[in-house]
Amino acid sequence: MLSEDQIRQYHEDGFVIPEFRMPESVLDSIKDRHRHLLDRHPEFRDYCSAVLQHDEGFLSYCRNDEILDMVEQLIGPDIALWNSSFFAKPAVNGKATPWHQDGEYWPIRPLATCTVWLAVDDATTENGCLRVIRGSHRERRLRAHETNPSEDLTLNQELLKSEFDEAEAVDLVLEKGQISLHDVFLVHGSEPNRSPRSRRGMTMRFMPTTSVFDHVLAREQYNNLRVPDHSERKIFHMRGIDRSGRNKLVYA
């Protein structure tokens, strides 16, 4: 469980690194499942935006009770998992992720998600760990983004340079098995991996069920903004009930 100080840090800074370690055996299982995914879909070498759409076996890692206990402390007892993605960032030539806010991509209204970022490998400054702008979530607004079609990036929506000060960036260095949790409005990104060590990371996206995952809006976003297609996304029940009554949760 998160301490009161850690809960306060999450709300003040937009992120927290709790005292948690995913067991080595689970990490090995994730690595094996990811390898099998790449065997079938080599196009996901750097990034898979929705692993559950290709292998619902990843769902078992998201049902970790310790992780869900911490998420519940931050967003309440009624929780849905609407996505899990995999940032592989291979050694030597792993792609950068541009500075962005997660909510720019997501058809959730009202906008709310706690992202759990699991380090499958050590995530260091050298191999492109997550970088964040502390406290950038506090205004609870999406800042101006533009489309960057560069093939050297995992995502194509990038914050305008005028919207943040990169000199304020904080590196989230994690050992394998550690997690960070961050807010949907937090400004973050990561550098390319030029090191000889891979930097695999798996995300779990949890929203309170007081919010609605809008599949119609998802289709409009995909057509108009060139963001990942969320229109067929399953929304998995994790805890509690659907407070909105509109999420059509999958009880799997």
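As a reminder, the structure under discussion sits directly above these lines.
Is there a simple way to think about empty space enclosed by the protein in this case?
Scanning the entire structure with this criterion turns up 1 cavity of 30 Å³ or more. Each pocket or cavity is described by its volume, and for the largest cavity that value is around 220 Å³. Phe87, His100, Asp102, Leu155 and Arg205 are the residues nearest the centre of the largest cavity, which is lined by 21 residues in total. Looking at the lining of the largest cavity, the elements that each hand over two or more residues are strand E3 (79–87), strand E4 (97–101), strand E12 (187–190) and strand E13 (201–208). Take the lining of the largest cavity: its biggest share by element is 3 residues, from E3. By residue class, the composition of the lining of the largest cavity is 8 nonpolar, 10 polar and 3 charged.

In this structure, what is going on with the pairing of strand E6 (residues 114–119)? I would like to understand it.
Looking along a regular strand, one sees the side chains alternate between the two faces of the sheet. Counting buried residues along E6, 6 of its 6 residues qualify, which places the element largely inside the surrounding structure. Across 5 bridges, E6 lies against strand E11 (residues 179–183) in antiparallel orientation. From the neighbouring strand, Trp117 faces E11, where its bridge partner is Ser180. Where E6 meets E13, 6 bridges bridge the pair, whose relative direction is antiparallel. Its bridge partner lying in E13, Cys114 is registered against Phe206.

Hey, could you run me through the pattern of salt bridges in this one?
Should their charged atoms come close, side chains of opposite charge can pair. Scanning all chains against the criterion turns up 21 salt bridges. Close ionic contact of Arg200 with Asp121 constitutes a salt bridge, the shortest N to O distance being 2.8 Å. Taken together, the positions of Arg200 in the loop between E12 and E13 and Asp121 in the loop between E6 and strand E7 (130–133) put the pair 79 residues apart, joining distant regions of the chain. Of the two residues, Arg200 and Asp121, both sit in the buried class. Measuring nitrogen to oxygen at the nearest pair gives 3.8 Å for the salt bridge that ties Glu191 to Arg131. Taken together, the residues Glu191 in the loop between E12 and E13 and Arg131 in strand E7 connect sequence positions 60 residues apart. The exposure class assigned to Arg131 is buried, which follows from its relative accessible area of 18%.

Would you mind showing me how to read helix H1 (residues 4–13) here?
Every α-helix winds through 3.6 residues per turn, so residues three or four apart in the chain are directed the same way. Of the positions making up H1, those classed as buried are Gln6, Ile7, Tyr10 and Asp13. For H1, the arc enclosing every buried residue in end-on projection is 155 degrees, short of the 170-degree limit, so these residues lie on one face. Of the residues in H1, the exposed ones pointing more than 90 degrees away from the buried face are Glu4 and Asp5. On its buried face, H1 is in contact with strand E1 (15–16), helix H4 (65–75), E6 and E11. Phi turns positive, to about 90 degrees, at Gly14, one or two residues after H1.

What is the right way to read the nonpolar core from this model?
In a soluble, globular protein the nonpolar side chains are often hidden away together inside. Core analysis: the biggest nonpolar cluster contains 37 residues, and Ile67, Leu81, Phe86, Leu181, Met202, Met204 and Phe206 have the highest contact counts within it. By residue number, the principal contributor to this core is H4, which donates 5 residues. Excluding residues that lie within four positions of it along the chain, Phe206 makes contacts with Cys62, Ile67, Leu68, Val71, Ile75, Ile79, Ala80, Leu81, Thr113, Cys114, Val116 and Met238.

Which parts of the structure should I look at to understand the packing of aromatic side chains?
Two measures describe an aromatic ring pair: the distance that separates the ring centres and the angle between the ring planes. Counted by the stated rule, this structure contains 6 aromatic pairs. Ring centres of Phe58 and Tyr61 lie 6.0 Å apart, and the angle between their planes is 70 degrees; on these two criteria the pair is classed as edge-to-face. When sorted by exposure, Phe58 lands in the same class as Tyr61, which is buried. Plain terms: the ring middles of Phe58 and Phe86 are 6.4 Å apart, the flat faces sit at 65 degrees to each other, and that makes the pair edge-to-face. Here Phe58, found in the loop between strand E2 (47–48) and helix H3 (59–62), pairs with Phe86, found in strand E3; they are 28 residues apart in sequence, far enough to count as distant. No difference in accessibility class separates Phe58 from Phe86, as the two residues are buried. Among the aromatic residues, ring-to-ring pairing joins Phe58, Tyr61 and Phe86 into one connected group.

Help me understand the state of the cysteines in this model?
Here, disulfide denotes a covalent bond that connects the sulfur atoms of two cysteines. Taken as a whole and judged by the stated rule, the model has 0 disulfides. With no disulfide partner, Cys129 has as its closest neighbouring cysteine sulfur the one in Cys114, 19 Å distant.

Would you mind showing me how to read the side chain of Asp121 here?
A residue is classified by how much of its surface remains accessible, and Asp121, at 9% relative accessible area, is buried. Only 2.9 Å separates the side chain of Asp121 from the side chain of Ser198, close enough to count as a polar contact. Not counting residues within four places of it along the chain, the set of residues in contact with Asp121 comprises Lys31, Leu174, Lys176, Ser198, Arg199 and Arg200.

Scoring rules and cut-offs
Residues numbered from 1 in each chain as written. Predicted model: local features only at pLDDT ≥ 70, side-chain atom pairs only at ≥ 80, totals over all residues. Heavy atoms only, no water. 1 Å grid on protein atoms, 1.4 Å probe; cavity = no way out; pocket = protein on both sides within 12 Å on 5 of 7 lines; lining within 4 Å. Points joined across faces, edges and corners; volume = space filled by probe spheres on them. Helix = DSSP H or I, 4+ residues; strand = E, 2+ residues; numbered from the N terminus. Nonpolar A, V, L, I, M, F, W, Y, C, P; charged D, E, K, R; others polar. Buried < 20%, exposed > 50% of the residue type's maximum accessible area, 1.4 Å probe, protein only. Pairing = 2+ DSSP bridges. Salt bridge = Lys/Arg side-chain N within 4 Å of Asp/Glu carboxyl O. Arc of directions from axis to C-beta. Contact = heavy atoms within 4.5 Å. Core = buried A, V, L, I, M, F, W, Y, C linked by side-chain atoms within 4.5 Å. Phe/Tyr/Trp six-rings, centres within 6.5 Å; stacked < 30°, edge-to-face > 60°. Disulfide = S-S within 2.5 Å. Polar contact = N/O pair within 3.5 Å; in protein donor to acceptor, adjacent residues only side chain to side chain.

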